[in-house]
Structure formats: structure tokens, C-alpha cells
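Structural features, examined
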Amino acid sequence: MEYNVEELKKALIEKCKEESIIYALVAINRYTKEIILPNSLQDALNNPNYYVCTCRKVEEKYQIEEEK
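Here we summarise the structure given alongside this text. Because the structure is a prediction, the values reported are computed rather than measured. (Residues numbered from 1 in each chain as written. Predicted model: local features only at pLDDT ≥ 70, side-chain atom pairs only at ≥ 80, totals over all residues. Heavy atoms only, no water.)

**Quick look at the packing of aromatic side chains**
Using the criterion set out here, one finds zero aromatic pairs in the structure. It is Lys33 that lies over the ring of Tyr3; its NZ or CZ is 4.5 Å from the centre. (Phe/Tyr/Trp six-rings, centres within 6.5 Å; stacked < 30°, edge-to-face > 60°. Lys NZ or Arg CZ within 6 Å of the ring centre and 35° of its normal.)

Quick look at the structure:
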């Protein structure tokens, strides 16, 4: 089952809160919700199984921006 983008964003925000992450560039597997730090940004962007984004904490909220 492929997760939608909103579900992936929610999983990332939860992970960032748990680990007190302020800024991260990550790839999230669209089928397993596994969050990884990509070895190569280009490889992650070219892989359709991954949603690649940045997550940053601004004040008390997290903002997610998709990488293109």
C-alpha cells in the first residue's frame, strides 16, 4: 500500500519531535514509511519509491518542503 504525502509528512514530524531534530533532509519510503538520510540526493530524487523533503523546526512548529 502506498501512503499519501500527508501521512508521510506526519510520520516525519513525529520522528523529528521524538529525536529533537531541528533540520533534516530525508527520503521517506512511500510503502513502508521508513525514513532515511539519503547517501545521494540525486539517487533518492530519481527513485519513485521515495518522497524526498526537508523538515525544519520554526518556532514550535515543523515545516515540510518537498525537494524537486
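**A word on the nonpolar core**
Core analysis: the biggest nonpolar cluster contains 11 residues, these being Leu8, Leu12, Cys16, Ala24, Val26, Ile28, Tyr51, Cys53, Cys55, Tyr62 and Ile64. Listing elements by their share of this core, those giving two or more residues are helix H1 (5-18), strand S1 (23-29), strand S3 (50-58) and strand S4 (61-66). Sequence-distant contacts of Ala24, that is, excluding residues within four places in its chain, are made with Cys53, Thr54 and Cys55. (Core = buried A, V, L, I, M, F, W, Y, C linked by side-chain atoms within 4.5 Å. Buried < 20%, exposed > 50% of the residue type's maximum accessible area, 1.4 Å probe, protein only. Helix = DSSP H or I, 4+ residues; strand = E, 2+ residues; numbered from the N terminus. Contact = heavy atoms within 4.5 Å.)

**Remarks on the sheet that holds strand S2 (residues 35-36)**
Spatial ordering of the open sheet is given by S2-S1-S3-S4, a layout of four strands whose pairing is antiparallel. A strand with exactly one partner marks an edge of an open sheet, and here the two such strands are S2 and S4. Across two bridges, the pairing between S1 and S2 is antiparallel. The partner of Ile28 across the bridge, within S2, is Ile35. (Pairing = 2+ DSSP bridges.)

**Thoughts on the state of the cysteines**
Between two cysteines, a covalent bond joining their sulfur atoms is known as a disulfide. In total, this model carries zero disulfides according to the counting rule given. Between Cys55, a free cysteine, and Cys16, which holds the nearest cysteine sulfur, the sulfur-to-sulfur gap is 3.4 Å. Given the relative accessible area of 0%, Cys55 is considered buried. (Disulfide = S-S within 2.5 Å.)

**As for H1**
Between its first and last C-alpha, H1 extends 20 Å over 14 residues, near the 20 Å set by a 1.5 Å rise per residue. Buried within H1 are the following residues: Leu8, Ala11, Leu12 and Cys16. Buried residues of H1 fall within an arc of 135° about the axis and therefore sit on the same side. Facing away from the buried side of H1 by over 90 degrees, the exposed positions are Glu6, Lys10, Lys17 and Glu18. Against S1, S2, S3 and S4 lie the buried residues of H1. Put simply, Asn4 is the residue that caps the front of H1, since its side-chain oxygen is 3.0 Å from the backbone nitrogen of Glu6. (Expected span 1.5 Å × (residues − 1). Arc of directions from axis to C-beta. Polar contact = N/O pair within 3.5 Å; in protein donor to acceptor, adjacent residues only side chain to side chain.)

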